[in-house]
Amino acid sequence: MTTLSSGFARARRWLRDHPLAFDATLAFCTLVAMICSSFTDPGDGHGPPAFGARTPELFSVLLMTLTAAALVLRRRRPMQVLAVTAALAAVEYVLMDPPAPVVMSTVIALYTVASRTDRPTTWRVGLLTMGGLTAAAMVFGSSPWYSQENFGVFAWTGLASAAGDAVRSRRAFVDAIRERAERAERTREEEARRRVAEERLRIARDLHDVVAHHIALVNVQAGVAAHVMDKRPDQAKEALAHVRDASRSALNELRVTVGLLRQQGDPEAPTEPAPGLAVLGELVTTFRNAGLPVEVACADRDRLPAAVDLAAYRVIQEALTNVRKHAGAGARAEVSVVRVGATAEVTVLDNGRGSAGRRPGTGPDGGTGPAGGGPGGDGDGQAGGGHGLVGMRERVTALGGALTAGPRYGGGFRVHAILPVEARTGEPDRPGTAGGTGLRR
């Protein structure tokens, strides 16, 4: 049974791939059916049809052969084939009595036209064919006009039109479903690529923030240790202890961030929550240990959504890192986080002057420029290839907020971020998520 079904499936695929061969086979089968039917006498309707009760005329056999041969071209010239078969069927009804079933070819041709054209064309051509052939059968036949053979012509041509139109509608429906499925698949692929790009950008920002902050502190404390090693070893030990703590913190945060790249379900994936304003005190302590006085005014630090909380923490971290690296000796910083309506405003101020050539300026949009007086990215801002302000702005705008950064009147620098309390659609709002980077709690 399986072998038989597989054989039918192979034959069907072959015929579908070779439409001309299929049409030739259909034409031959139609010719055989017409010739066999021409030997059958339907009788008076009170008994079964009698096979061999009559013999078709040579002219009828010629017409049946011509109409069957025309069906070979039914896909390429559907209208022309319908016109030829309908004309020859009408000739059969006019000249022969009783007529041979030449109309079989017309029924197949009409089905082909209906299945390959639109509905208005099917209605016009179908009604014309049905009316013409039925009228020819009723007028020129010897049987009464109300005989079942005459109404059979009307029924079979009408059925061919309806079946062809139904097949065409189904094909259009299937094609529309297939197109929507392909479009949805393309949309899913584009969405997946977009999300992957966003994830990579978020992870890159986290790596930048972690490395820039901790390496800057390690550099400062190592410099202090080297400077006082000979004269004040106790202070050098304290500086080295700060170096050890900063490096340990850097390794821990790097482990958490890089752990986002693990496969889902990996038992070694990190489960620590992402840093936020809840640990702002620890962050500020590291800067104070590095010699940067920082004053903090923070309210509602535990009531922000996770993505907003992380963004606020990273903005403060990057801004203080830039102050420590570029503001110069004696600089002080102020940090404030306040709720204003449906937004949270993060502000970082410093009173440093900076050193010429090391603190890039800002453009009119708050970005970095080649000269001026404000902290740039992870070293020299955009003028030196850094990404600090760019990363902060990307992180804030990803949540639907805004960030401005520029020099203050009278000296110093100001970083101001406005973050919506409700994260933008598509951003996670769960504890333990690093701004949508996929960190699991």
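Residues numbered from 1 in each chain as written. Predicted model: local features only at pLDDT ≥ 70, side-chain atom pairs only at ≥ 80, totals over all residues. Heavy atoms only, no water.

**Structural notes on the overall build of the chain**
Filter applied, for reference: Note on conventions: DSSP H or I runs of at least 4 residues are helices, E runs of at least 2 residues are strands, and numbering of each starts at the N terminus. The rule is simple: take the accessible area with a 1.4 Å probe, protein chains only, and divide by the maximum for that residue type; under 20% is buried, over 50% is exposed, in between is partly exposed. Any two residues having at least one pair of non-hydrogen atoms within 4.5 Å are treated as being in contact. All accessible areas in this document rest on Shrake-Rupley with a 1.4 Å probe, and a residue is counted as covered only by the protein chains that are shown.
Secondary structure summary: the chain contains 11 helices and 7 strands in total. Classification of the 441 residues of the chain by burial places 40% in the buried group. Long-range contacts, defined here as pairs at least 24 residues apart, represent 65% of the contacts in the chain between residues at least 6 apart. For the chain, the accessible surface area stands at approximately 24,000 Å², while carbon and sulfur atoms represent 60% of it.

**Concerning the pattern of salt bridges**
Counted only if it meets this: The working definition used for a salt bridge is a side-chain nitrogen of Lys or Arg within 4 Å of a carboxyl oxygen of Asp or Glu.
Considering all chains together, one arrives at 10 salt bridges under this definition. Between Asp-165 and Arg-168 there is a salt bridge; the shortest N-O distance is 2.6 Å. Residue Asp-165 and its partner Arg-168 are both found in helix α7 (residues 148–228); the two are separated by 3 residues, about one turn of the helix. The two residues Asp-165 and Arg-168 agree in class, both being buried. With a shortest N-O distance of 3.4 Å, Glu-295 and Arg-332 are connected by a salt bridge. On the criterion of sequence distance, the pair formed by Glu-295 in strand β3 (residues 294–298) and Arg-332 in the loop between α10 (306–326) and β4 (333–340) is long-range, its members being 37 residues apart. For Glu-295, a relative accessible area of 44% puts it in the partly exposed group.

**What to know about the sheet that holds strand β6 (residues 402–407)**
Quick note on the threshold: A strand pair is defined by DSSP finding two or more bridges across the two strands. Every angle, taken between N-to-C directions, lies between 0 and 180 degrees, and every axis is a line fitted to C-alpha atoms, over only the stretch in contact when it is a helix.
Taking strand neighbours across the sheet as the criterion, the 5 strands line up as β3-β4-β5-β7-β6 in an open arrangement whose pairing is mixed. Both edges of this open sheet fall to β3 and β6, since each of them pairs with a single strand only. Across the sheet, the mean angle separating the axes of adjacent strands is 10° when strand polarity is ignored. The pairing of β4 with strand β5 (residues 343–350) spans 8 bridges and is classified as antiparallel.

**Regarding the packing of helix α2 (residues 19–38) against helix α5 (residues 103–116)**
Two quantities define a packed helix pair, namely the angle between the helix axes and the distance between the axes. The following threshold applies: Note that Gly is not counted as nonpolar here; it falls among the polar residues with everything else outside the nonpolar set of Ala, Val, Leu, Ile, Met, Phe, Trp, Tyr, Cys and Pro and the charged set of Asp, Glu, Lys and Arg.
Look at α2 against α5: their axes get within 9 Å of each other, and the N-to-C directions meet at 145°. Taking contact as the criterion, the partners of Leu-26, Thr-30, Ala-33, Met-34 and Ser-37 in α2 are, on α5, Met-104, Ser-105 and Ile-108. For the contact of α2 with α5, the residue count by class is 5 nonpolar, 3 polar and no charged.

**Notes on a nonpolar patch on the surface**
As a reminder, the rule being used: Note on patches: the residues involved have over 30% relative accessible area and no salt bridge, like charges join within 9 Å, and the nonpolar side chains Val, Leu, Ile, Met, Phe, Trp and Tyr join within 5 Å.
A cluster of nonpolar side chains, Phe-59, Leu-62, Leu-66, Val-91, Val-94, Leu-95, Val-139 and Phe-140, forms an exposed patch at the surface whose accessible area comes to about 700 Å². Elements represented by at least two residues in the nonpolar patch include exactly α3 (58–70), α4 (78–95) and α6 (119–140). Structurally, Phe-59 is set in helix α3.

**Side note on the packing of α4 against α5**
For clarity, the threshold we go by: Each angle gets one of four labels, with under 35 degrees taken as roughly parallel, over 145 as roughly antiparallel, 65 to 115 as roughly perpendicular, and the rest as oblique. With the far helix as reference, a near helix turned anticlockwise by less than a right angle produces a left-handed crossing, and one turned clockwise produces a right-handed crossing.
Where α4 meets α5, the closest approach of the two axes is 8 Å, and the angle between their N-to-C directions is 155°. Classified by the interaxial angle, the pair formed by α4 and α5 is roughly antiparallel. Between α4 and α5 lies a crossing of left-handed hand. Across the interface between the two elements, Pro-78, Met-79, Val-81, Leu-82, Thr-85, Ala-86, Ala-89 and Tyr-93 of α4 pack against Val-103, Ser-105, Thr-106, Ala-109, Leu-110, Thr-112 and Val-113 of α5. When grouped by side-chain class, the residues that make up the contact of α4 with α5 number 11 nonpolar, 4 polar and no charged.

**A few points about the pairing of β4**
The pairing of β3 with β4 spans 5 bridges and is classified as parallel. For Val-296, the partnering residue across the bridge sits in β4 and is Val-335.

**Focus on the nonpolar core**
Let me state the cut-off plainly: Throughout, nonpolar core names a set of buried Ala, Val, Leu, Ile, Met, Phe, Trp, Tyr and Cys residues whose side chains join them through atoms within 4.5 Å.
Judged by nonpolar contacts, the single largest core of 38 residues is most densely connected at Ile-316 and Val-415. Broken down by secondary-structure element, the contributors of at least two residues to this core are α9 (280–289), α10, β4, β5, α11 (388–398), β6 and β7 (413–420). For this core, the leading source of residues is α10, giving 10 residues. Setting aside chain neighbours within four positions, we find Val-415 in contact with Val-315, Ala-319, Val-346, Thr-347, Val-348, Met-392, Leu-403, Thr-404 and Ala-405.

**Topic: α9**
Quick reminder of the rule: In this context, the arc is that of the directions from the helix axis out to the C-beta atoms.
Here α9 has its buried residues at Leu-280, Leu-283, Val-284 and Phe-287. Down the axis of α9, the buried set is contained in an arc of 95°. They therefore lie on one face.

**Describing the confidence of the model for the chain**
To keep it simple, the criterion reads: Every residue is assigned a pLDDT by the predictor, reflecting its confidence on a scale from 0 to 100.
With 75% of its residues at a pLDDT of 70 or more, the chain has an overall mean of 76. No element of the chain has a lower mean pLDDT than strand β2 (residues 50–51), at 60, and none a higher one than β7, at 92. Segment residues 355–386 is flagged for pLDDT under 50; beyond a separation of four residues in sequence, or across chains, it makes 87 contacts in the model. Low confidence marks residues 424–441, where pLDDT is under 50. Its contacts with residues over four positions away, or in another chain, come to 56 contacts.

**A short note on the pairing of β7**
Remember that side chains alternate between the two faces of the sheet whenever the strand is regular. With respect to burial, β7 is a largely interior element, 6 of its 8 residues being buried. The sheet contact formed by β5 and β7 spans 8 bridges and is antiparallel. Counted as the bridge partner of Leu-349 is Arg-414 from β7. As paired strands, β6 and β7 are joined by 6 bridges and run antiparallel to one another. The residue of β7 that forms the bridge with Gly-406 is Arg-414. Adjacent in sequence and paired antiparallel, β6 and β7 are bridged by 5 residues, among which Gly-410 carries a positive phi angle near 90°.

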